[in-house]
Amino acid sequence: MKGVGDLFDGYGETARGLTAAAFDEMVGLGGATRSPYGAVASSLSQMGPEDVSARATRLARAFMDQGVTFDLDGEERPFPLDVVPRIFTASEWKQVSTGVAQRVRALEAFLADVYGAARIVSDGLIPHEVITSSPGFVRAAFGLSPPNGVRIHVAGIDVIRDEDGEFRVLEDNVRSPSGVSYVLANRAAMSRVLPELFWGQPIQMVTDYPAHLIHALRRAAPTGVQDPTVVVLTPGVHNSAFYEHALLARLMGVHLVEGRDLVCHGTEVFLRTTEGEVPVHVIYRRIDDDYLDPLQFRPESLVGCPGVVNAARAGRVTITNGVGNGVADDKLVYAYVPAMIKYYLGEEPLLANVDTMHLQDPRVRADALSRRDELVFKRVDGSGGKGLVIGSAASGEELDRLALDVEAAPRQWIAQRVVALSTSPTWVDNTMVRRHVDLRPFAVNDGENVWVLPGGLTRVALQEGGLVVNSSQGGGSKDTWVVGGGSATPVLPPRQQSMVSAGPPMDAGPGGDSENRNQQQQQQQ
C-alpha cells in the first residue's frame, strides 16, 4: 500500500486508449498539477490511503443513512461520492455559466415559437417534420402561454470537456432534470467528512439554490396572484428521484403532493388538506407529460391530476416546467440549437455542440452504419444511458441489431463521434486513478435572469475506460467546486446534517408501485 505523500504517485500511468487521450482536469500535459488542485492533492496525500479509504466509507454510510440512494439491479445503493472534488476556476466557470444561460434563453424562445407562430420553421431553419415527429412535441401545449413567458424554469444542460479541453454541450434537459439534490448533499457530506480540503479555499456556495428556485416559481404565478401557493408534484416514494422531490419541497417550505392530493373544480386547482381545500397557483411537477393529466394524455394515469392542463390553459395555474418542453431536448433538435442561438438571440454560440449526424438522410445513414463500430448511437428520447450504443464497446451482434433498429426508425436515432470525456482523479480500490467525468450545470430562469448554480453535478464513470456516467449504469459523482469569484461556502457543523435528509416517506397510494416505477423522467440521465 502506498505510504503517506505517495497517494498520486503513478497517477494516470496505466491509462490506455481514450482515457490516455483525454484532457485531465488535474494534471497538465507537462505533468504539473493544475491550480487550484494542488492544495487538495496535498491534503489528501497527507491523510494517506488508509485514512482516505476510511473517509470514503464514511461518505457512503452517511448517504445510506440519509436515504441518498438509487436503485441498481433491484438493490438500493448509496450514490457513490468520490473523495476528490472536481474544481473549476472562476474564469472557467464564467465560460460555462454564460454559455448555459445563453442556451436556455435560446431554447425558451424556441419553445414559445414552436407552440405559436413557428417562425423558425417557416423561415426554413428547422424542417417541419423534425418538430412534429419529435416524441416530445405535445399538440395540447399549442397556445399555452405562461404568465411570465417562462417554460424552462429549471434546466440541466449536460456539458463535457473534449480532448482539447474545450467545453461542449452533450445534451439539453428541460423537461424535469434531476440531480440537484446530489449537489446539495455532496457539498454537505464533503464538508463534514473531509473538512481539511475546504480550509483556505474560497469555494462558491450552492446552498442558495432552493431560494433561487422558489423565487422563480413564485414569479411564475398567474397574473394578479400576490401570494401564490406553490406545490411540488411527485409520483410518490417509488420514484427514483423521490429523495430530491422531498428535499426541495422542504427546503423551499412548500407542500410535497401527489396527484390524488389535488383536485380541479372547473379551471381552479385546489390542494386537499385536513382544514379544507386550498387554492394552488404554481405546480412544480416532477411527472412526465404523459402522466400529468389523464384527461389530456394517458387516461389510466393515477399519479396526475385530471383537468390540470385546462386550468393552465385558462391561466389559473402555472405548470413548471412547461408542458411540451420535451421537444426542446429531443436529441435531433439538439443539433439545431447553435442555429437557434443565432436566429433568436443574434449571437454566436458560446458553447459548441458535439458533431451530430442526422440519420434520416439515406446517404448519411449509410455512412454512419458503415462506421457503426466507431460512433455513438443514441435514441432521441433516451435517458439514463438507455438506448445508448457505443460502437467500440458493442459486440457484432449488438451492432447488427442496432443497424436494423436504425433502418426501421431513423428519426428515432442520432449518431455522434466518440468523445473522450475529460478525466479526473478518482479513488477506486484504494488507488487514485483516471476516470471520465461529465457535468450537469443547473440553471434557474425567473423571467428576468437565468441564474446558474455554481458547480452543478459532476458524474463519474467508475469503470476503467467507461464513458457512461449515469447512476443507473453504475456511475458515481463528485462535489463540484467553483473557486473564487463569489461568496465562499462555510464548512457546515454536524448539527445541520438534517438539512439534507429526505424526511419520512410518503404512502405511494393505490396503484403507485407499478406506475411510479414506469414514470420515465429525466432521472440521472
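The structure contained in this document is the topic of the report that follows. (Residues numbered from 1 in each chain as written. Predicted model: local features only at pLDDT ≥ 70, side-chain atom pairs only at ≥ 80, totals over all residues. Heavy atoms only, no water.)

Side note on the sheet that holds strand β8 (residues 262-265)
By definition, the strands of a sheet pair up through backbone hydrogen bonds, in either a parallel or an antiparallel sense.
Phase 1: Read from one edge of the open sheet, three strands run β8-β9-β10, paired in antiparallel fashion. Lying at the two open borders of the sheet, with one neighbouring strand each, are β8 and β10 (276-279). Direction aside, neighbouring strands of the sheet carry axes that sit 40° apart on average.
Phase 2: Note that β8 and strand β9 (residues 268-273) share four bridges and pair antiparallel. The partner of L262 across the bridge, within β9, is L271. (Pairing = 2+ DSSP bridges. Helix = DSSP H or I, 4+ residues; strand = E, 2+ residues; numbered from the N terminus. Axes fitted to C-alpha atoms, helices over the stretch in contact; angles between N-to-C directions.)

Re the pattern of salt bridges
Phase 1: A complete count under the given rule lists 32 salt bridges for this structure.
Phase 2: Across the pair R285 and D289 runs a salt bridge, and its minimum N-O distance is 2.7 Å. Of the two residues, R285 and D289, neither departs from the other in class, the shared state being buried.
Phase 3: What emerges from the salt-bridge pattern is a single network uniting E25, R86, E92 and R161. (Salt bridge = Lys/Arg side-chain N within 4 Å of Asp/Glu carboxyl O. Buried < 20%, exposed > 50% of the residue type's maximum accessible area, 1.4 Å probe, protein only.)

Describing the packing of aromatic side chains
Phase 1: As enumerated under the stated definition, the model contains six aromatic pairs in all.
Phase 2: Relative to Y344, the ring of Y343 has its centre 4.9 Å away and its plane inclined at 75°; by these criteria the two rings are edge-to-face.
Phase 3: Members of the aromatic cluster, connected to one another through ring pairs, are F88, W93 and F167. (Phe/Tyr/Trp six-rings, centres within 6.5 Å; stacked < 30°, edge-to-face > 60°.)

Thoughts on the nonpolar core
Phase 1: In this structure, V100, F110, L262, V269, I283, V308 and M340 are the most contacted members of the largest nonpolar core, which totals 81 residues.
Phase 2: It is helix α4 (residues 90-114) that contributes the most residues to this core, ten residues altogether.
Phase 3: Once residues lying within four places of it in the same chain are set aside, the contact partners of V100 are I157, V159, L351, P441, A443 and V452.
Phase 4: The next biggest cluster of nonpolar side chains, apart from the first, holds 56 residues, and it includes I87, V180, V206 and Y243. (Core = buried A, V, L, I, M, F, W, Y, C linked by side-chain atoms within 4.5 Å. Contact = heavy atoms within 4.5 Å.)

Quick word on unusual backbone geometry
Phase 1: In this structure, P36 follows S35 across a cis peptide bond, with omega equal to 5°.
Phase 2: In the segment running from T320 into N321, the intervening peptide bond is cis, with an omega of -15°.
Phase 3: Relative to the elements of secondary structure, N321 occurs in the loop between β12 (318-320) and α12 (337-345).
Phase 4: Not every positive phi belongs to a glycine, and A118 is a case in point at roughly 55°.
Phase 5: Its location among the elements puts A118 in the loop between α4 and α5 (119-122).
Phase 6: Phi at D429 is positive, roughly 55°, even though this residue is not glycine.
Phase 7: Examined against the element boundaries, D429 turns out to sit in the loop between β18 (423-428) and β19 (431-440).

Things to note about the pairing of β9
Phase 1: From the end of β8 to the start of β9, which pair antiparallel, there are two residues, and G266 there has a positive phi angle of about 65°.
Phase 2: Where β9 and β10 come together, four bridges link them in antiparallel fashion. Across the sheet, residue L271 finds its bridge partner in β10, namely V278.
Phase 3: Where β9 folds back onto β10 in an antiparallel hairpin, the turn is made up of two residues.

A word on helix α8 (residues 209-219)
Residues that lie three or four places apart on an α-helix share one face, since the helix turns once every 3.6 residues.
Phase 1: Along α8, the positions that sit buried rather than exposed are Y209, P210, L213, I214, A216 and L217. Taken end-on, α8 shows its buried residues confined to a sector of 160°, consistent with a single buried face. (Arc of directions from axis to C-beta.)

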